[in-house]
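Okay, here's what each chain looks like letter by letter:
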Amino acid sequence: MISLFPKPDFSMKRLGRPAVHAKRNPDVLPAQLSPQQVKVEARRLLAGGLPPRIWRVVDLLFAGGVLSARQLDIPASTLRRWAHAGLITRLPFSSEEIKAGMRELGLQDEQPLLYCLGPLGMEVASIRYEVLPASGYMGYPLMRILHDVVVSEIVLELGREFGKRGWKVDWYGKYESTLTDSSGHVILEPDAFIYIQKEDWDISFAVEYHNEDKLTRAADKVTRYEHACAKGNWRDRWEVETFPSVLAVFRHAIVGEGYKRAVQNQRREVKYFGKVLAHFQEGRYLEWVDVRSLTKQKILPE
C-alpha cells in the first residue's frame, strides 16, 4: 500500500556510510550483477539512504507495475540515470509504437516512454514492502502493458480528485489487494484497490478496467466479486468493515451491458458503478452510473 494523498515524506534517515565490502564496482553494470549481488547492492543503497523522489517512483511502480514518464512526473534525464543504475527499466517499445497504442485507447502523452522497476528497484521494493512486486513486463505485448497504464491513470486521477477534497488516499497494488478463500485459494484479483479517509468517513473502492469488447468477462467479474464478498478474507486483507464498491471502467459500452445483465441475477451485496473510458477522460471523476439502477450517482458523500 502506498499513500497518494497527502503526499508523504519518502526520505530515509541516513544510517551511516556502507561497509567497504558492500560497495559496488562502478565498472559493473546492474544488468551484470548476480542475484546475490543485487541483494547486496539494494541493501547498500538502503543503508546510505535514498532521495525522496526515488522513493516516490519506487512506490508508484510497486503499486502500478508500469507507468509512463508523464505519470511518474520525473525529468527524462533523471529517469535515464535511474535506469542506468538499475532502479527502473525502460520497456523496449519505440515512442511511435506507444503513441499508436495510446491513440487507440484515446490517450495522449507527450512523453510516450514506459517504465517498470529494474532489478535493484525490485529488490528495494521487496525489502520495503515484504511483498514481491509485479514482474514480467519485459515479455508482455504492448496492449497488455497499456491496460495497466490505464489502470494507473484511473487511480491517479481519482486520487488527485479525492485528495483535493481533503481525503487521505491509499493505493493497494494488484497483488496486495488479492483475496483468498479459507483454503488459501485466490478468488479475486482487483486491478487496484483504493482506500480513503476523511474525518469519520472511510470508503473503499475496487477498480477494474476492461479493454475487451465482450460481455463475458464482465459477468465473470461480477461472479467473482459476489463470491469474494461471501467467502473471501476481505475484512482482514483490506482491513475494512464494508465491502468496497466496484468502479468498472470500460473501453466499449457492451462491457457495461455485461455488468448490467450479470448483477440482475445476484444479491445486492456489492455495489457496482460503471463508466466508459472516454467519459472518464473528460474529467468526470465523481459521477458514475449505478449498474443496478442505471442512475447517475456521486461516489463521494456530499
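Worth saying up front: this structure is predicted, and the values here are computed from it rather than measured.

Further remarks concern the overall build of the protein chain. The helix and strand inventory of the protein chain stands at 11 helices and 13 strands. Its C-alpha atoms give the protein chain a radius of gyration of 20 Å, near enough to 19 Å, the size a compact globule of 302 residues would have. With respect to the principal axes defined by its C-alpha atoms, the protein chain has extents near 65 × 45 × 40 Å. Looking at the 302 residues of the protein chain, the share that counts as buried comes to 50%. By element, 50% of the accessible surface of the protein chain is carried by carbon and sulfur atoms, the whole surface being about 15200 Å².

Quick look at the sheet that holds strand β2 (residues 66-68) now. If you walk across this open sheet you meet the 3 strands as β2-β4-β3, and the pairing is antiparallel. The open sheet has two edge strands with one neighbour each: β2 and β3 (88-90). With direction set aside, neighbouring strand axes in the sheet form an average angle of 35°. Bridge count for β3 against strand β4 (residues 114-117) is 3 bridges, and the pairing is antiparallel. Residue pairing in the sheet places arginine 90 in a bridge with tyrosine 115 of β4.

The rules behind each value
Residues numbered from 1 in each chain as written. Predicted model: local features only at pLDDT ≥ 70, side-chain atom pairs only at ≥ 80, totals over all residues. Heavy atoms only, no water. Helix = DSSP H or I, 4+ residues; strand = E, 2+ residues; numbered from the N terminus. Rg over C-alpha atoms; globule rule 2.2 N^0.38 Å. Buried < 20%, exposed > 50% of the residue type's maximum accessible area, 1.4 Å probe, protein only. Areas by Shrake-Rupley, 256 points an atom, 1.4 Å probe, with all protein chains shown as cover. Pairing = 2+ DSSP bridges. Axes fitted to C-alpha atoms, helices over the stretch in contact; angles between N-to-C directions.

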